[in-house]
Amino acid sequence: MNLSNKTKAVLYILASAFGFAMMNLFVRLAGDLPSMEKSFFRNLVAMVVAAFLLLREDGHPTLKTLLWGKGNLPSLLLRSIAGTAGILCNFYAVDHLLLANASMLNKMSPFFALLFSFLLLREKLTPVQVGVVAVAFGGSMLIVKPTLSNLDLVPSLLGLLGGICAGFAYTMVRKLGLRGERGSYIVFFFSTFSCLVLLPWMALNFVPMTGYQLAMLLLAGVSATVGQFGITAAYTHAPAREVSVFDYSQVVFSAVLGYFVFGDVPDGWSFLGYLLIIGAAVVIFLYNNGYLKRRKEGDE
């Protein structure tokens, strides 16, 4: 059976969403460990897998190639710094919030990617896109609930900051893709950078783990690797505007996993926030693919 590129992209992005949902589950199951320690093992697995793929593609890549790819070192560093900060914030949120809430705050990243693409890549931002970003941000505030009486305020704000960092990182990924950098190398550079940055902290503040906790972190790393390569493969088979909305299936996966594993039940305000953010994602998907314009022309 021959599948179209768009169908393949949808399947890849669904696999990616499930992989990231499982990553969050395993991170939380790892228990009371520092977010930096969890992040190190999450990235260690991705680094090993990406290195294996690079060796298979290049045979014997030179040191210069491994250090800065195709001359894109500044963008690679910015992507890696933002990505590392985003993971740390996301893992802290996963440990302190409902699984679905943490996932949804992280999924604010596409909307912030729109803003960063406008600011950094000079990509046009239409009034519809501005409105969608505003609605999505409003939805995120319903999840964050920014009041001093909210005990989850700090992890919620950090979860939102993780989404902002991820949006910046994805903007850098787009820039690197436009400059011809391979997905496997972007993953390798980012994962290696994160491990090296976190290694000194690990050496000075390492918290001993049980065999169960180590297994959970390694499974989180495997799941994250599936997520990273899945989303990279999706965007190489179809433009983001055609398939990005399917990435929000991660929230559904996370809500189901959170309910059955931890008994998580989001409150009404959070559900309303979900509807606003997912609704905004559907509107931007329809707008980017021209459906709303065709509908308007048909009505006229």
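Our structure is the block above this text.
Residues numbered from 1 in each chain as written. Predicted model: local features only at pLDDT ≥ 70, side-chain atom pairs only at ≥ 80, totals over all residues. Heavy atoms only, no water.

**Student:** Would you mind going over the overall build of the protein chain in detail, with residue names and values included?
**Tutor:** Regarding its fold elements, the protein chain presents 14 helices and zero strands. Put simply, the protein chain runs from its N terminus to its C terminus through helices and strands in the order α-α-α-α-α-α-α-α-α-α-α-α-α-α. The buried share among the 300 residues of the protein chain stands at 47%. Summarising the internal contacts of the protein chain: among those between residues at least 6 apart in sequence, 88% fall at separations of at least 24. For the protein chain, the computed accessible surface area is about 14,500 Å², with 70% contributed by carbon and sulfur atoms. (Helix = DSSP H or I, 4+ residues; strand = E, 2+ residues; numbered from the N terminus. Buried < 20%, exposed > 50% of the residue type's maximum accessible area, 1.4 Å probe, protein only. Contact = heavy atoms within 4.5 Å. Areas by Shrake-Rupley, 256 points an atom, 1.4 Å probe, with all protein chains shown as cover.)

**Student:** So what's going on with the pattern of salt bridges? Residues and values would help.
**Tutor:** Taken as a whole, this structure holds four salt bridges when the rule is applied. Lys38 is the salt-bridge partner of Asp95, the closest N and O atoms lying 2.7 Å from each other. Pair noted here: Asp95 is in helix α4 (residues 73–96) and Lys38 is in helix α2 (residues 35–58), with a separation of 57 residues, a long-range link. Of the residues examined, Asp95 reaches a relative accessible area of 24% and is grouped as partly exposed. On the basis of relative accessibility, which here comes to 1%, the residue Lys38 falls in the buried class. (Salt bridge = Lys/Arg side-chain N within 4 Å of Asp/Glu carboxyl O.)

**Student:** Just give me the short version of the environment of Ala136, but keep the residues and values in it.
**Tutor:** Its place among the elements puts Ala136 in helix α7 (residues 127–144). With relative accessibility at 0%, the residue Ala136 sits in the buried group. Expressed as a C-alpha distance, the spacing of Ala136 and Ile277, which sit 141 residues apart in the sequence, is 4.5 Å. Residues within four places of Ala136 in sequence aside, it is in contact with Met108, Phe111, Ile277 and Ala280.

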